[in-house]
Amino acid sequence: MSLEHAAAVESNGNYPGKGIGQPVGVAVLGKGTVGTEVLRLIAEFSSNLEHRIGGPIEVRGVAVSNVDKHKNAPEVQGLYLTDDAHELIDRDDVDVVVEVIGGIDYPRELVLKALRSGKSVVTANKALVAAHGSELADAANEAGVDLYYEAAVAAAIPVVGMLRRSLAGDKVERIAGIVNGTTNFILDAMASTGASYEDALAEATRLGYAEADPTADVEGHDAASKAAILASMGFHTRVTFDDVYCEGITNITAEDIAAAKRANQTIKLLAICERLYDEHGETRAVNARVHPTLVPNDHPLATVDKSYNAIFVEAEAAGRLMFYGNGAGGAPTASAVLGDLVGAARNKIHGGRAPAENPYADYPVVGFEEVTTRYHINMTVNDRVGVLADLARQFANSNVSLSAVRQEEAGDGAHLVVVTHQATERDLQDIVRRLADHEDVRSVNSVLRLQD
Ligand code: HSE
């Protein structure tokens, strides 16, 4: 975006408002858990919202896939219910479209249509924003409307607004967070009860934390979408879902959890977004990734239990900040949607636009191989003279320096736990391959990255 364009985007004069007291027409697309709460809160807070916005919110209609299924629900009584989302978006008296459908292709079509026809959009859809954020942002810029998506990352935790507004004058160095409640619940249940991954997942499903198909959560895809959004906002660079290295929690065993405990660590699924620097200390690239990580027990992220989310942000001037709370659920997600709706509606009344995604820095987004991390490797080896020395040589051959080695006898073999110093992911993956092929290594039991 050029400087002239950036200035125009922020200028109220270019985007005049409807005027104080005018109603703001809202179309709600979707009436699942979040949509239902959004409608309930709009009705419950209507008078307060009017004061905060400068005009009343008027819901013009609710688009659902099956009208018969929803027509008796209390939240839609007196509202226009339709299965034709296009027709609802097209209405002249709709100013803001709230998209809470989920999925990617269909909501993308609807959101683009809304933006291109001059409606501001509030979406809770992380997969959509992570996959097509730049296309949506361009459409919003061209039409001079707002695109808000606070609810897409960690629901009620105001982390997108924090990056978009509060830290807009700072330099965000690093973001590391627990951004998926389902996996945090599972890992916490494994740590507190000693349960296997399968049993903890079954408990999460029984209690309604995990969905019937938990793939997006347990494979880390949901967290990767959020990492892409956080990295894009934090580093002013477009980072998409496909740029994010992603490893879920399905291979974490009760033994991994027990070993972490013995080392005063906790395993968390972290989304990590960071800058990579050149030899002059300048940012040369950025990276975003999601993987299980050993977090020291005295780190604030280690104490985040149950299905809570927490995001740790380091910025040059602000220092370290931590945001904690409900990262999922109907009401917390609807809270974030309502916050965005107030912002979008205010701009419709008073004119102007919210600060938009601004990818001016355009850093290269590099793959995980270039990032430096530390590994904690747990393996079973033959207990014979010279094994340790030979394995140490393998690490040296891979350019990986050792920080600590612990050996415990185990039957006729030995358990070996190796902690490395910082090394590139490429070199660390190389040593793991060498170990797996080594004649004295019976098995590599787990490989976990460490959060310093
Ligand atoms: N399924 C997500 C979670 C919430 O478990 O945190 C929506 O992103």
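Presented here is an overview of the structure given in this document. (Residues numbered from 1 in each chain as written. Predicted model: local features only at pLDDT ≥ 70, side-chain atom pairs only at ≥ 80, totals over all residues. Heavy atoms only, no water.)

## Describing the overall build of the chain
Argument step 1. Tallying secondary structure elements over the chain gives 16 helices and 17 strands in all.
Argument step 2. Scaling as 2.2 N^0.38, a compact globule of 452 residues should have a C-alpha radius of gyration of about 22 Å, and the chain matches this with 24 Å.
Argument step 3. Its C-alpha atoms give the chain principal-axis dimensions of about 85 × 50 × 35 Å.
Argument step 4. When the 452 residues of the chain are sorted by exposure, 53% land in the buried category.
Argument step 5. Considering only intrachain contacts with a sequence separation of at least 6, the fraction spanning at least 24 residues in the chain is 74%.
Argument step 6. For the chain, the computed accessible surface area is about 19100 Å², with 47% contributed by carbon and sulfur atoms. (Helix = DSSP H or I, 4+ residues; strand = E, 2+ residues; numbered from the N terminus. Rg over C-alpha atoms; globule rule 2.2 N^0.38 Å. Buried < 20%, exposed > 50% of the residue type's maximum accessible area, 1.4 Å probe, protein only. Contact = heavy atoms within 4.5 Å. Areas by Shrake-Rupley, 256 points an atom, 1.4 Å probe, with all protein chains shown as cover.)

## A few points about the pairing of strand S13 (residues 372–382)
Argument step 1. Among the eleven residues that make up S13, nine are buried, leaving the element largely enclosed by the rest of the structure.
Argument step 2. Note: S13 against strand S16 (residues 423–424), two bridges, orientation antiparallel. Bridge pairing in S16 links Thr372 to Thr424.
Argument step 3. By the bridge criterion, seven bridges tie S13 to strand S15 (residues 413–420) in an arrangement that is antiparallel. Counterpart to Met379 in the pairing with S15 is Leu416. (Pairing = 2+ DSSP bridges.)

## So, the pattern of salt bridges
Argument step 1. The full count for this structure, using the stated rule, is 26 salt bridges.
Argument step 2. Here Arg60 and Glu58 are joined by a salt bridge, their closest N and O atoms 2.7 Å apart.
Argument step 3. Relative accessible area serves as the criterion here: at 31%, Glu58 is assigned to the partly exposed category.
Argument step 4. A salt bridge links Arg206 to Glu203, with the nearest nitrogen and oxygen atoms 3.1 Å apart. Of this pair, Arg206 and Glu203 are both found in helix H10 (residues 197–206), three residues apart, which corresponds to roughly one turn of the helix.
Argument step 5. Judged by its relative accessible area of 60%, Arg206 falls in the exposed class. (Salt bridge = Lys/Arg side-chain N within 4 Å of Asp/Glu carboxyl O.)

## So, the site of the ligand
Argument step 1. Surrounding the ligand, one finds Lys126, Asn180, Gly181, Thr182, Asp217, Asp222, Lys226 and Ala328.
Argument step 2. A distance of 2.5 Å separates an oxygen atom of the ligand from a polar atom in the side chain of Thr182.
Argument step 3. Between the ligand and the protein, one listed contact pairs an oxygen atom with a side-chain N or O atom of Asp222 at 2.7 Å.
Argument step 4. Coverage of the ligand by the protein amounts to 83% of the 260 Å² it exposes when considered alone.
Argument step 5. Residue assignment for the shell around the ligand shows that the elements contributing at least two residues are helix H9 (181–193) and helix H12 (221–235).
Argument step 6. Looking at the shell around the ligand, its residues break down into one nonpolar, three polar and four charged. (Near = heavy atom within 4 Å. Polar contact = N/O pair within 3.5 Å; in protein donor to acceptor, adjacent residues only side chain to side chain. Nonpolar A, V, L, I, M, F, W, Y, C, P; charged D, E, K, R; others polar.)

## Observations regarding the sheet that holds strand S2 (residues 57–63)
Argument step 1. Sheet architecture is open: six strands sit in the order S3-S2-S1-S4-S5-S6, paired in parallel fashion. The sheet is open, and its two edges are formed by strand S3 (81–82) and strand S6 (147–148), each paired on a single side.
Argument step 2. Direction of pairing for S2 relative to S3: parallel, over a ladder of two bridges. Looking across to S3, one finds that Val62 is bridged to Leu81.

## Description of the nonpolar core
Looking at soluble globular proteins, one finds that nonpolar side chains tend to be buried together.
Argument step 1. Of all hydrophobic cores here, the largest spans 77 residues; its most connected members are Ile186 and Ile229.
Argument step 2. Ranked by the residues each element gives to this core, the list is headed by H12, at nine residues.
Argument step 3. Once residues lying within four places of it in the same chain are set aside, the contact partners of Ile186 are Tyr197, Ala200, Leu201, Ala204, Val218 and Ile249.
Argument step 4. By size, the runner-up hydrophobic cluster in this structure holds 34 residues, among which are Ile42, Leu338, Leu341 and Ile349. (Core = buried A, V, L, I, M, F, W, Y, C linked by side-chain atoms within 4.5 Å.)

## Let's talk about the packing of helix H6 (residues 105–116) against helix H7 (residues 126–143)
Argument step 1. Between H6 and H7, the shortest axis-to-axis distance is 9 Å and the interhelical angle comes to 15 degrees. Judged on the interaxial angle alone, H7 and H6 are roughly parallel. Between H6 and H7 lies a crossing whose hand is right-handed. Residues Pro107, Arg108, Val111, Leu112, Leu115 and Arg116 of H6 form the contact with H7, whose own contacting residues are Leu128, His132, Glu135, Leu136, Ala139, Ala140 and Ala143.
Argument step 2. Taken together, the residues of the contact of H6 with H7 sort by class into nine nonpolar, one polar and three charged. (Axes fitted to C-alpha atoms, helices over the stretch in contact; angles between N-to-C directions. Parallel < 35°, antiparallel > 145°, perpendicular 65-115°, else oblique. Left-handed = near helix turned anticlockwise from the far one by under 90°.)

## Some points on the side chain of Asp440
Argument step 1. Looking at the secondary structure, you find Asp440 in the loop between helix H16 (425–437) and strand S17 (441–450).
Argument step 2. A polar atom in the side chain of Asp440 sits 2.5 Å from the side chain of Arg384.
Argument step 3. Excluding residues within four positions of it along the chain, Asp440 makes contact with Thr380, Val381, Asn382, Arg384 and Val387.

## So, the packing of helix H15 (residues 387–397) against H16
Argument step 1. H16 packs onto H15 with a crossing angle of 150 degrees between their chain directions and a minimal axis gap of 9 Å. When the axes of H15 and H16 are compared, the crossing they make is right-handed. Where H15 approaches H16, its residues Leu391, Gln394, Phe395 and Asn397 are matched on the opposing element by Ile431, Arg434 and Leu435.
Argument step 2. Broken down by class, the residue content of the contact of H15 with H16 amounts to four nonpolar, two polar and one charged.

## Quick look at the packing of aromatic side chains
Argument step 1. Inspection of every chain in the model, using the stated rule, returns three aromatic pairs.
Argument step 2. Consider the rings of Tyr245 and Phe368, whose centres lie 4.5 Å apart with planes at 40 degrees: the pair is tilted. Of this pair, Tyr245 sits in strand S8 (residues 245–246) while Phe368 sits in the loop between helix H14 (330–350) and S13, placing them 123 residues apart in sequence.
Argument step 3. You can call Tyr245 partly exposed: its relative accessible area is 27%.
Argument step 4. On the numbers, 5.1 Å between centres and 25 degrees between planes, the contact of Tyr308 with Tyr324 is stacked. Placement of Tyr308 in strand S11 (residues 308–315) and of Tyr324 in strand S12 (residues 319–326) is noted, with a sequence separation of 16 residues between them.
Argument step 5. Judged by relative accessible area, Tyr308 falls into the partly exposed class, the value being 28%.
Argument step 6. Residue classification places Tyr324 among the partly exposed positions, given a relative accessible area of 45%.
Argument step 7. Arg164 extends its terminal NZ or CZ atom over the ring of Tyr149, reaching a point 5.2 Å from the ring centre.
Argument step 8. The ring of Tyr15 has Arg353 sitting right over it, with the charged end atom 5.7 Å from the ring centre. (Phe/Tyr/Trp six-rings, centres within 6.5 Å; stacked < 30°, edge-to-face > 60°. Lys NZ or Arg CZ within 6 Å of the ring centre and 35° of its normal.)

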